[in-house]
Amino acid sequence: MNSGAMVWSVRREIWENRSIYLAPLIVAVMIAFASLVATLTGRHSRPEQLPRNYEFAAGALMATTLLVAIFYCLDALYGERRDRSVLFWKSMPVSDWTAVLSKMAVPMVVLPVVTFVLTVVTQLIMLLASSAFLSMKGQSAAALWKLPWLQMSSGMLYHLVTVHSLYYAPIFGWLLLVSAWAKRLPFLWAFLPLAAIGFIEKIVFNTAHFATMLGSRISGGMEAAPGKGGEMMMLWPSHPLEFLTRPGLWIGLAVAATCVAGAVRLRRYRDPI
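Remember, it's a predicted structure, so these values are computed and weren't measured experimentally.

Rules of the game
- Residues numbered from 1 in each chain as written.
- Predicted model: local features only at pLDDT ≥ 70, side-chain atom pairs only at ≥ 80, totals over all residues.
- Heavy atoms only, no water.
- Helix = DSSP H or I, 4+ residues; strand = E, 2+ residues; numbered from the N terminus.
- Expected span 1.5 Å × (residues − 1).
- Bend = angle between axes of the 7 residues up to and from the residue.
- Phe/Tyr/Trp six-rings, centres within 6.5 Å; stacked < 30°, edge-to-face > 60°.
- Buried < 20%, exposed > 50% of the residue type's maximum accessible area, 1.4 Å probe, protein only.
- Contact = heavy atoms within 4.5 Å.
- Core = buried A, V, L, I, M, F, W, Y, C linked by side-chain atoms within 4.5 Å.
- Axes fitted to C-alpha atoms, helices over the stretch in contact; angles between N-to-C directions.
- Parallel < 35°, antiparallel > 145°, perpendicular 65-115°, else oblique.
- Left-handed = near helix turned anticlockwise from the far one by under 90°.
- Nonpolar A, V, L, I, M, F, W, Y, C, P; charged D, E, K, R; others polar.

> What's the story with helix H5 (residues 96-136) in this structure? I'm lost.
Structurally, the α-helix is built with 3.6 residues per turn, so residues lying three or four positions apart point the same way. Over its 41 residues, H5 runs 59 Å from end to end, which matches the ideal 60 Å to within 8%, given 1.5 Å per residue. Where H5 bends most, the angle comes to about 45°, and this point is Ala 105, followed within four residues by the proline Pro 107.

So this is what it looks like as structure tokens:
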């Protein structure tokens, strides 16, 4: 695979889908503005309250980019068949594998990087605003700067890499497969079959294994650590490599690879809408 073509294809996806960075940027600006207003009223200047505010900012941005990833994947291959631009891109010296993998790289690589950068910048703005407010009141802001910033940022990066990139890979792969196959309403085709499988299992076997598995995948496997509250989400686990030993991770990556291969084949032979 030509690495230059891959980089160019990823850049093309970013150029053509500005929501990749505009949606989280708008949310980051809103959070920073709301934090500034709250700081001016004296609500966000207490050291004990700041970690919770930073967790909220990170969570809001991660939720935003996850939604962006879902809608991007559903439209990535469907949209180019709908507007027939796929005919033009197939005439370019770029393989179907490169085209599909570049689209898979957006939710797995580009969006986590965008999320991390915007979150760190937003939290820094919140910190500076709180420090300035305390300084204007003649109080010391030293306690704000003693918070475990490196640990919090490292934990967030770990969460983005393990959950939003690797653990969600089969979800993104499935959405791309549906996007390559559906002739209309890809959103319904993506979610109705999954709901039908869970419903049929419940009716026939009176079990909910598929729904439990799907819920575990969507939650990022967070139920595996019930003793950890939501505020621990951004901290490094006691054994960072433990995540790589989970069978569910590798099974999910195998499913993602299968879905991507199916999407490549469909893109190669599927006619425009």
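> Any chance you could explain the packing of aromatic side chains here in plain terms?
The description of an aromatic ring pair rests on the distance of the ring centres and on the angle between the ring planes. Overall, the coordinates contain four aromatic pairs when judged by the stated rule. Pairing Phe 71 with Phe 187 gives two aromatic rings, centres 6.2 Å apart and planes at 10°, and the pair type is stacked. In this pair, Phe 71 sits in helix H3 (residues 50-82) while Phe 187 sits in helix H9 (residues 186-205), placing the two residues 116 residues apart along the sequence. Relative accessible area serves as the criterion here: at 51%, Phe 71 is assigned to the exposed category. Phe 187 gets classed as partly exposed once you look at its relative accessible area, which sits at 42%. Summarising the aromatic geometry, the rings of Tyr 168 and Phe 172 are spaced 6.3 Å apart at their centres and angled 85° between planes, so their arrangement reads as edge-to-face. Classification of Tyr 168 by relative accessible area gives buried; the value is 6%. The exposure class of Phe 172 is buried, given its relative accessible area of 1%. Counting every residue linked through ring pairs, the aromatic cluster contains Phe 71, Phe 187 and Phe 191.

> Whenever I open this one, the environment of Ala 208 confuses me. Can you help?
Note on placement: Ala 208 falls in the loop between H9 and helix H10 (209-218). Separated by 10 residues in sequence, Ala 208 and Gly 198 have C-alpha atoms that sit 6.6 Å apart.

> Would you mind going over the environment of Tyr 54 with me for this structure?
On the secondary structure map, Tyr 54 appears in helix H3. Owing to a relative accessible area of 0%, Tyr 54 belongs among the buried residues under this scheme. In sequence terms Tyr 54 and Met 126 are 72 residues apart; their C-alpha atoms lie 8.2 Å from each other. Residues within four places of Tyr 54 in sequence aside, it is in contact with Gln 123, Met 126, Leu 127, Leu 147, Trp 149 and Met 152.

> Before we go on, may I ask you to explain the nonpolar core in this structure?
As a rule of thumb, soluble globular proteins bury nonpolar side chains together. Judged by nonpolar contacts, the single largest core of 44 residues is most densely connected at Tyr 54 and Met 104. Looking at this core, the elements that each hand over two or more residues are helix H1 (3-16), helix H2 (19-40), H3, H5, helix H7 (149-167), helix H8 (169-181) and helix H11 (247-269). With 11 residues, H3 is the single largest residue contributor to this core.

> Where do I start with the packing of H8 against H11 in this structure?
Each pair of packed helices gets described by two things: the angle between the helix axes and the distance between those axes. The interhelical angle for the contact between H8 and H11, taken along N-to-C directions, is 20°, at an axis separation of 8 Å. When the interaxial angle is binned, H8 and H11 end up roughly parallel. Here H8 runs over H11; the crossing is left-handed. For the pair H8 and H11, the contacting residues are Ala 169, Pro 170, Gly 173, Trp 174, Leu 176, Leu 177, Ala 180 and Trp 181 in the first and Gly 252, Leu 253, Val 255, Ala 256, Cys 259, Gly 262, Ala 263 and Leu 266 in the second. Partitioning the contact of H8 with H11 into residue classes produces 13 nonpolar, three polar and no charged.

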